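# Tertiary structure, described
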Amino acid sequence: SVDTAKAAYDQAMLSLETAEAQLRQAEANLEATKAQREVTLTQKVSAEAQITQATAAVQDAELQLSFTRITAPVDGIVIERNMDEGQTVQASMSAPQLYKIAEDMTSMHLETNIDESDIARVQVGQQATFTVDAFPGQTFRGEVVQVRRAAVNVQNVISYTVVVSVDNSDLRLFPGMTANTRIIAERVQDTLRIPTAALRFRPPGEAA
């Protein structure tokens, strides 16, 4: 009948519209997928560029590391370390001090301060004795090798630095120790010595 045919036609048209809508949705999904693919390809290219850049940075660091060689200028004993492993070392105006090395501790210099009133009596070549707190009761000996002219002003007290050479073959003396020093300014042989108290002796009954 006509009604049946019309109903079938309407149903067919509805199915066609549904199919067309699904086709448009599929096409839209396809475009979205293509766009996502382009984004993914772009991200891939960017990631590959970052990998290339990182690889170049690693190669440059390895090259710089192969050029880096820090050696001690002298053989000796390390008495101070100013850098830690892995710390960046960069020289700007002056080279950084990495280690303090004592080249030869078997011969040391003792720097002692002499008051300005006594400095005129100190001469190079004079013998000196000193003690340190690390070895109480023990006296060490040395020789004056330098009298410095530069004044040291501490609380308006003027003193001068005198350098004493000391034999430290047994390595008992360490850098930085505090020493109490005596310098032999004059020596007299075969001289009669009397107690200071004898100079103040007064016989009984003597007028004051």
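Quick note: structure is the one above.
The structure reproduced in this document is the subject of the present report. (Residues numbered from 1 in each chain as written. Predicted model: local features only at pLDDT ≥ 70, side-chain atom pairs only at ≥ 80, totals over all residues. Heavy atoms only, no water.)

Per the counting criterion, the structure on display carries two aromatic pairs. Where Phe130 meets Phe140, the ring centres are 5.5 Å apart and the plane angle is 20 degrees; that geometry is what we call stacked. Placement of Phe130 in strand E4 (residues 127–132) and of Phe140 in strand E5 (residues 140–154) is noted, with a sequence separation of ten residues between them. Each member of the pair, Phe130 together with Phe140, is buried. (Phe/Tyr/Trp six-rings, centres within 6.5 Å; stacked < 30°, edge-to-face > 60°. Helix = DSSP H or I, 4+ residues; strand = E, 2+ residues; numbered from the N terminus. Buried < 20%, exposed > 50% of the residue type's maximum accessible area, 1.4 Å probe, protein only.)

Position of Thr161 relative to the elements: it lies in strand E6 (residues 157–167). Taking relative accessible area as the criterion, Thr161 reaches 11% and is therefore assigned buried. In terms of polar contacts, Thr161 uses its side chain to reach the side chain of Asn113, at 3.5 Å. Once residues within four sequence positions are removed from consideration, Thr161 is found in contact with Glu111, Thr112, Asn113, Gln146, Val147, Arg148 and Val152. (Polar contact = N/O pair within 3.5 Å; in protein donor to acceptor, adjacent residues only side chain to side chain. Contact = heavy atoms within 4.5 Å.)

The subject of this paragraph is the environment of Val145. On the secondary structure map, Val145 appears in strand E5. The exposure class of Val145 is partly exposed, given its relative accessible area of 37%. When the C-alpha atoms of Val145 and Ser159 are compared, they prove to be 17 Å apart, with 14 residues separating the residues in sequence. Every residue in contact with Val145, bar those within four places of it in the chain, is listed here: His109, Val124, Val163 and Ser165.

Of the two faces of strand E3 (residues 107–115), only one is covered, namely that formed by Met108, Leu110, Thr112 and Ile114; the face formed by Ser107, His109, Glu111, Asn113 and Asp115 stays uncovered. Bridging between E3 and E6 involves nine bridges; their strand directions are antiparallel. Following the sheet pairing, Met108 is matched in E6 by Val166. (Pairing = 2+ DSSP bridges.)

Although it is not a glycine, Gln155 adopts a positive phi angle of roughly 55 degrees. Relative to the helices and strands, Gln155 resides in the loop between E5 and E6.

Okay, the side chain of Ser159 next. When you line up the elements, Ser159 lands in strand E6. The exposure class assigned to Ser159 is buried, which follows from its relative accessible area of 9%. Apart from residues no more than four positions distant in its own chain, Ser159 is found in contact with Asn113, Ile114, Asp115, Glu116, Ala150, Ala151 and Val152.

Before going further, it helps to spend a moment on the sheet that holds E3. Strand order in the open sheet made by the five strands is E3-E6-E5-E4-E7, with antiparallel pairing throughout. Where the open sheet ends on each side, the last strands, each with one partner, are E3 and strand E7 (179–183). Across this sheet, the average inter-strand angle for adjacent strands is 40 degrees, counted without regard to direction. (Axes fitted to C-alpha atoms, helices over the stretch in contact; angles between N-to-C directions.)

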